[in-house]
Every structure is written in C-alpha cells, then in structure tokens.
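# Close look at the chain arrangement
This is what each chain is made of:
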Amino acid sequence: MSLTSPSSSKSLDRSNHADHAGRPAAGMRRRGILLALTGAVLWGGSGVAGQYILQDCAFATEWLVGVRMLISGALLLLIDLAVYRQDIFAVFRGRRDRLETIAFAIFGMLGVQYTYFAAIKFSNAATGTILQYLMPVVIVGWTTLRTRRMPPFGELACVALAVLGTFLLVTHGSLTSLAISPPALFWGLLCAFAAAFYTVQPKRLICKYRPTLIVGWGMLVGGLLFLPISKPWAFTGIWNTAAALDFAYIILFGTVIAFVCYLGSLQYIQPAETSILGSAEPLSSILLSIALLHITFTPADLLGAISILAAVILLTRK
C-alpha cells in the first residue's frame, strides 16, 4: 500500500551517479530495484495475512486497522526521530500543516486502511489489492474535473483498460451476475478513492517535511481518532500462534519494513520507476493467495488483473 508522493522530498537523493564509496551506478540501481520490489512484495503479503486473520480467525476489521495504525505509526515516528533527529511535532505548530495532517490521517490513512481490509474481509487479498490499484484512474478523473480539460487519448485508453479489467474481475466476464459480493465491490472501489486522496493530498507536507514523519503521524493520529470504534481493549476473535505471527507480520514487515524499503529505493532509482515497481504488490498478492490460501482465479479474473495493472503502469509512466 504504497505512498507514491515522496518523489519531491528534500531528503532523497537522485540515483544516476556513483555513491560516495565509488560504487557504480548500475549496482546502486540494482539495489534500488530490489528495495522497491521487496517493499511491494511485503505489502502484498500483508493483505494475505490480513485475509487469514479476518476470515479464518474472525478478527474485527476495526480492531485490526486501529491497532495496526497505532503501533505502526509509533514505530515510524521513532524511526524518523532516530534517523533525522529533528522535531517530530513540527507538523502541528502551524495551523495549515496541522489541519492537513489531520485530514490526511482521517480521510487518507484511516480511509485507505479501513476500506482495504474491509474489501479483503468480504472477498480476498488479491481482489482487494487489485481494486485499490484503480487509484490512478480516480486521480485522472479528479484532474479532469479540476482542470475542466479532457485528458489525452492515451490516458483515456488507460482508463478504458482499467474499467474493462474491473468488469472482468468482478463479473468473470458475465453480464448477468457479480463474481464478488456487493460489499466487496463497494469497499474495493471506495478504497481506490481513499488511496487517491492518500496519494495526492499530503504532497505539500511531504515536500516540506519527510515521508516517514507525515505517514507516521497519519497512522498514529488516525489510530487515536479511531479508538472509540476500534476499541483495542475489547478484542474478539481467535488468537493462536498463526494469528499472532500474521499480526506481527502485518505490523513489522507489511507496514514498517515495507515502507522503509520503498522509501529507501528512492535513493537509488527515480520515483516513477519506484511507483511502477510498486505494481508488484497486487501480483505478489495474487501469487501468495494462490499458494497459501488456495484461492482460485478464472481466466477472466487474470485477464482483468492484467488489464488493471497495465493501465496503472502506463499511467504511472506518464
């Protein structure tokens, strides 16, 4: 669940040169690609782990999202403090920064986290992740409305490709029935809108501060505001060894380490390349769902997923 805005962060260096130790640019590029792919695969795995504990262990979606945001947000802020050694409360000193941070926490971070896991609960990790990746199409639509200009033909073609992919994914190609439940479709599409807000809205804050700081506060503030609903003290579900390991994976590997790898890749490769490599997230989610959860996909499902991913990659390149 990548944040594709940190391209303009002042703390990130460009990648097409040798580093201070004299290592060639080719080696740095390979490192950047590996980091970006690692982050994407870890994100994809978090959806699969989430599906297991939501469906098989009966965890409440609200509890999982709330606790994940609280713990992950606190860890990211600690990492930011250790790495940058700057005032982590600076975002709250100005009125505009404070309001934008709170808006990002509620409508961006909390919005995308809750809708994503709700979509997974009513369908599966692969479907929820793929529907979330309709986000660039939402951004194209919003840009069209804001500028009152039709997008270029290439962007329109990508939107049509994404719509076709969504149709195949949710209907198996049938005009008379849905292959996924209406709640899964609702939360999946809502997740795409939340992800679009999550990607675009914090751009100014990330330019002014740092991605780890903004995302850390987004998670922590969102988790705190969600406390009356998430109720971390009122756990329901089946808590066993597998559930504990999956939960730990979601927090450490599927959130904190994945995000650190994603940001780390920006030191070695260009942001657009990192965003494209981030498309490995739904691919890894599909493969892990097949291997670990024995989810089956029809040819129409796979064609739909490929269509959506192709549209995302083409739009991201532009």
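Residues numbered from 1 in each chain as written. Predicted model: local features only at pLDDT ≥ 70, side-chain atom pairs only at ≥ 80, totals over all residues. Heavy atoms only, no water.

With that out of the way, let us pick up the pattern of salt bridges. Scanning all chains against the criterion turns up six salt bridges. The partner of R204 in a salt bridge is D97, and the shortest N-O contact between them spans 2.4 Å. Of this pair, R204 sits in helix α8 (residues 203–208) while D97 sits in helix α3 (residues 95–122); the two residues are 107 residues apart in sequence, bridging distant segments of the chain. With relative accessibility at 26%, the residue R204 sits in the partly exposed group. Owing to a relative accessible area of 5%, D97 belongs among the buried residues under this scheme. In the salt-bridge network here, residues are joined through shared partners; they are R96, D97, E100, R204 and K208. (Salt bridge = Lys/Arg side-chain N within 4 Å of Asp/Glu carboxyl O. Helix = DSSP H or I, 4+ residues; strand = E, 2+ residues; numbered from the N terminus. Buried < 20%, exposed > 50% of the residue type's maximum accessible area, 1.4 Å probe, protein only.)

Looking now at a nonpolar patch on the surface. A cluster of nonpolar side chains, I106, F107, F197 and L225, forms an exposed patch at the surface whose accessible area comes to about 360 Å². If you trace the backbone, I106 turns up in helix α3. (Patch = residues over 30% accessible without salt bridge, like charges linked within 9 Å, V, L, I, M, F, W, Y side chains within 5 Å. Areas by Shrake-Rupley, 256 points an atom, 1.4 Å probe, with all protein chains shown as cover.)

With that settled, consider the environment of I269. Considering the arrangement of structural elements, one finds I269 in the loop between α11 (241–265) and α12 (271–277). In sequence terms I269 and D80 are 189 residues apart; their C-alpha atoms lie 21 Å from each other.

Okay, the packing of aromatic side chains next. The full count for this structure, using the stated rule, is 18 aromatic pairs. Their ring planes at 80° and their centres at 4.9 Å tell us that F59 and F235 sit as a pair that is edge-to-face. Note that F59 is positioned in the loop between α1 (25–56) and α2 (61–84) and F235 in the loop between α10 (227–230) and α11, a separation of 176 residues in sequence. A residue is classified by how much of its surface remains accessible, and F59, at 1% relative accessible area, is buried. Classification of F235 as partly exposed rests on a relative accessible area of 30%. Arranged with centres 5.6 Å apart and planes meeting at 15°, the rings of F59 and W239 form a pair that is stacked. Taken together, the residues span a long stretch of sequence, with F59 in the loop between α1 and α2 and W239 in the loop between α10 and α11 at a distance of 180 residues. One aromatic cluster in this structure is built from F59, W63, F235, W239 and F247. We note R210 situated over the ring of Y84; from NZ or CZ to the ring centre the distance is 5.0 Å. (Phe/Tyr/Trp six-rings, centres within 6.5 Å; stacked < 30°, edge-to-face > 60°. Lys NZ or Arg CZ within 6 Å of the ring centre and 35° of its normal.)

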